[in-house]
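Here are the chains, one letter per residue:
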Amino acid sequence: MLNDSHVVLCVGCGGVGKTTTCAALGLAAAMRGKRVLCLTIDPAKRLAQSLGLESFDTEAQTIAPEIFAKAGLDVPGSLTVMMLDTKATFDDLVRSLATDDTQRQRILDNVLYRYISTTLAGTQEYMAMEKLYAVKDDDRYDIVLLDTPPTSHALDFLDAPERLVSAIDSPAVRWFIKAFSDSGKFSLNLLQRGAATILKGVSKITGGGFLEQVATFLTEFNALFGSWRERAEMVASALREDGVSYVLVTTPEPMSIREVLFFSERLRDQNMAPDAYVVNRLHRVHDVDASEEAIADAMVKHQLLLGDKAPRRVAEAARQEARLASLNRLNLYALEEAFPEEGTPPAVAYIPDYYRDIHDVTRLAWVAAQIAPQQG
Ligand SMILES: Nc1ncnc2c1ncn2[C@@H]1O[C@H](COP(=O)(O)OP(=O)(O)O)[C@@H](O)[C@H]1O
Ligand SMILES: [Mg+2]
């Protein structure tokens, strides 16, 4: 997949390891000689620092080759990281769509714009797609990896372009704009009596200027719609092109598996298929004697000063780990059963739970080796 894809999207619910997977895939591709761009959202501070990314700005930052060399990694390609910033991307979009400087500035300065560009549901997903669209054909990179936003619904981004456009280009909004633009200023007299009463009530609470702000904003934003809708359609269809791969990330927990299964169904509905699954934080059955006696013997042999209770506690921990491991296996049947019977089965990579955060290059390389082992 890393050899053939041009764009890879990592999808899954929050906390399952999407960002880690995305970074590890990026490293794996760079180790195969690719020039990689990782678009990421919320990298752990310590992981970013260990990659030498001190500032969290939206400029592309290429990881210094010395950092890989110091970790003993052979990386013939390159790894560039860019943080996604919803507001900055939205601002860029307004700049590119606006027809003149005053219009541009009025929109950017509007209170409502500031709200929509940061908090409106769907904006974050849409802007991630927008950014992806803007960089995917950049010939400085062979492959672009996208860490999708941690939405409660991992699949929101698929219809985010359409949803965001229709939220703003709705009958209610058109009605509002009409009330405003017929008279050139906002006039309650032009409205039906009922509506006027409601809006009068609203302006009592919000202060007189607020409705004006809303109307001004909507009117101006409306002027950009034509081209925005077109663009949103292009963005949406770019997600369905050849060379775009989907990696579904899950843990072995039932909730997370259910989410990922739901997501793969949604992809199939749209005539796309998940190309690979990553099952992260898997517990393993350890092939060691974890009886209390064996642990006590090992403590003597390795001169561990752990006290009398240690063998019992360690043995109990080992039993729990084994229980978790078999529970994980059971849960994963549900995932494997859902794979289509005909055709090539999707690739599945398993990443063990390392019990410690993946916060440095060396550990990231462990994950990379699990997901995409180097051949030869
Ligand atoms: N296999 C693993 N073993 C140990 N820690 C992990 C593993 N995968 C992820 N983590 C840690 O879990 C946390 C959440 O991972 P992250 O990739 O940021 O999740 P997401 O992006 O899906 O929210 C991070 O601190 C990361 O280092
Ligand atoms: Mg994340």
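The preceding data block contains the structure.
Residues numbered from 1 in each chain as written. Chains lettered and ligands numbered in written order. Predicted model: local features only at pLDDT ≥ 70, side-chain atom pairs only at ≥ 80, totals over all residues.

Asks: Could you give me a rundown of the sheet that holds strand β6 (residues 244-250), with the residues and numbers involved?
Replies: Hydrogen bonds between backbone groups are what pair the strands of a sheet, and the pairing can be parallel or antiparallel. If you walk across this open sheet you meet the eight strands as β3-β4-β2-β5-β1-β6-β7-β8, and the pairing is mixed. At either end of the open sheet lies a strand with only one pairing partner, and these are β3 (61-62) and β8 (347-352). Looking at chain direction, strand β2 (residues 35-40) and strand β4 (residues 78-83) are connected through six bridges and run parallel. Counterpart to T40 in the pairing with β4 is M83. The sheet strands contacting helix α7 (residues 123-135) are β1 (7-11), β2 and β5 (143-147), and the helix crosses β5 at an angle near 175 degrees. Helix α12 (residues 254-269) rests against β1 and β6 of the sheet, and its axis sits at about 160 degrees to β6. (Pairing = 2+ DSSP bridges. Helix = DSSP H or I, 4+ residues; strand = E, 2+ residues; numbered from the N terminus. Contact = placed C-beta atoms within 7 Å. Axes fitted to C-alpha atoms, helices over the stretch in contact; angles between N-to-C directions.)

Asks: Provide a residue-level description of the nonpolar core, including the pertinent values.
Replies: L25, L27, A28, L145, V247 and A368 are the most contacted members of the largest nonpolar core, which totals 82 residues. Not counting the four nearest positions on each side in its chain, V247 is found in contact with V8, L9, C10, V11, T21, D275, A276 and V278. (Core = buried A, V, L, I, M, F, W, Y, C linked by C-beta atoms within 7 Å. Buried ≥ 20, exposed ≤ 12 C-beta atoms within 10 Å, placed from the backbone.)

Asks: Account for the site of ligand 1, naming residues and giving values.
Replies: Residues in close proximity to ligand 1 total 19 residues, the closest being K18, T19, T20, Y354 and D357. At the level of secondary structure, the elements contributing two or more residues to the shell around ligand 1 comprise α1 (18-31) and β7 (276-282). With three residues, the top contributor of residues to the shell around ligand 1 is α1. Residues that form the shell around ligand 1 fall into these classes: six nonpolar, eight polar and five charged. (Near = placed C-beta within 6 Å. Nonpolar A, V, L, I, M, F, W, Y, C, P; charged D, E, K, R; others polar.)

Asks: Any chance you could break down the pairing of β5 for me, citing the residues and the numbers?
Replies: The side chains of a regular strand alternate between the sheet's two faces. Taken across its five residues, β5 has five buried, putting it largely inside the fold. Across the two faces of β5 the burial is the same, with I143, L145 and D147 and V144 and L146 all buried. Judged from the four bridges that link them, β1 and β5 form a sheet pairing that is parallel. By the bridge assignment, V8 is partnered in β5 with L145. Bridging between β2 and β5 involves four bridges; their strand directions are parallel. Across the sheet, C38 pairs through a bridge with L145, a residue of β5.

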